[in-house]
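Spelled out, the chains give:
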Amino acid sequence: TPPEIVNPLPPQSAVRVPVEASVEIEFSEKIDRDTFPEAIFISPDPGGELKYKYSGRRVRIRFPKPLLPDRTYVLTIGTDLRDNHNVAMASSFTLAFSTGDSIDRGEIAGRIFGESNPQGILLWAYILPEQPDSAGIDPRQRSGDYVTQAGSDGAYRIPFIAGGSYRVF
């Protein structure tokens, strides 16, 4: 059975989260600690190295510095995460919370075709400037403004994004 998230703190869509907050994730079973750091993505990037504290089926994530005020943060745990039996998560999990009064509600969704095993493929969404010119977007130089991974069926979702135009790689 793939691992599942059963209790995230702060809870989904929490607002007014303190900028000094940490995040705690409880899983349905023990996870392989070695796969966790590679499976977690946070948008926008909190800057610096995250710190993890493992306790049974829980992981506490501490940010290197205070979060930005009035910002929606999106934490994604991708399908690279495995349990102690080497079973991968069936699909990505996304937790959105805000240090401000509201949560951004935009979403991009789709499916990857033409790949025999799309699970774990990274998808990066870049905010396009007002004048859509993709010349300034180079995935070799920086990761996207939002990030997720495809599930085993190739489906993906990038929820809780700010309004605007995006390019997805």
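In case you missed it, the structure is sitting above this.
Residues numbered from 1 in each chain as written. Predicted model: local features only at pLDDT ≥ 70, side-chain atom pairs only at ≥ 80, totals over all residues. Heavy atoms only, no water.

Participant: Requested: an account of the packing of aromatic side chains, with residues and values cited.
Facilitator: Counted under the stated rule, the structure contains eight aromatic pairs. On the numbers, 6.4 Å between centres and 75° between planes, the contact of W124 with Y126 is edge-to-face. A relative accessible area of 22% means that W124 is categorised as partly exposed. Judged by its relative accessible area of 0%, Y126 falls in the buried class. An aromatic cluster is defined as three or more aromatic residues linked by ring pairs; in this entry it consists of F27, F36, Y52 and Y54. (Phe/Tyr/Trp six-rings, centres within 6.5 Å; stacked < 30°, edge-to-face > 60°. Buried < 20%, exposed > 50% of the residue type's maximum accessible area, 1.4 Å probe, protein only.)

Participant: Describe in detail the sheet that holds strand β2 (residues 23–27), supporting the description with residues and values.
Facilitator: Spatially, four strands are ordered β1-β2-β5-β4 in an open sheet, and the strand pairing comes out antiparallel. If you trace the sheet from one side to the other, it starts and ends with β1 (5–9) and β4 (51–55), each paired once. Averaged over all neighbouring strand pairs, the angle between strand axes comes to 15°, with direction disregarded. As judged from the four bridges shared by β1 and β2, these two strands associate in the antiparallel manner. Its bridge partner lying in β2, N7 is registered against E26. (Pairing = 2+ DSSP bridges. Helix = DSSP H or I, 4+ residues; strand = E, 2+ residues; numbered from the N terminus. Axes fitted to C-alpha atoms, helices over the stretch in contact; angles between N-to-C directions.)

Participant: Any chance you could break down the sheet that holds strand β3 (residues 40–43) for me, citing the residues and the numbers?
Facilitator: Strand pairing in a sheet is mediated by backbone hydrogen bonds. Such pairs are either parallel or antiparallel. Read from one edge to the other, the open sheet built from three strands follows the order β3-β6-β7, with strand pairing classed as antiparallel. In this open sheet, the two strands that pair with only one neighbour each are β3 and β7 (93–98). Across the sheet, the mean angle from the axis of one strand to that of its neighbour is 15°, orientation sign disregarded. Pairing between strand β6 (residues 72–77) and β7: six bridges, direction antiparallel. By the bridge assignment, L75 is partnered in β7 with L95.

Participant: Quick rundown of unusual backbone geometry? Include the residues and the values.
Facilitator: Most peptide bonds take the trans form, and the phi angle of most residues other than glycine is negative. Backbone torsion omega between L9 and P10 reads 5°, so that peptide bond is classified as cis. Mapped onto the elements, P10 comes out in the loop between β1 and β2. Across the junction of S43 and P44, the peptide omega takes the value -10°, indicating a cis bond. Here P44 shows up in the loop between β3 and β4. A positive phi angle is found at S13, which is not glycine, with a value near 65°. Relative to the assigned elements, S13 resides in the loop between β1 and β2. Although it is not a glycine, F160 adopts a positive phi angle of roughly 60°.

Participant: Go over empty space enclosed by the protein, please, and point to the residues and values.
Facilitator: A complete count under the given rule lists one cavity of 30 Å³ or more for this structure. Here the largest cavity is characterised by a volume of approximately 30 Å³. Lining the largest cavity, in full, are S43, V74, T76, Y146, V147, T148, R157, I158 and P159. Of all elements in the fold, only β6, β10 (146–149) and β11 (155–161) reach the threshold of two or more residues within the lining of the largest cavity. Tallied by class, the residues present in the lining of the largest cavity amount to five nonpolar, three polar and one charged. (1 Å grid on protein atoms, 1.4 Å probe; cavity = no way out; pocket = protein on both sides within 12 Å on 5 of 7 lines; lining within 4 Å. Points joined across faces, edges and corners; volume = space filled by probe spheres on them. Nonpolar A, V, L, I, M, F, W, Y, C, P; charged D, E, K, R; others polar.)

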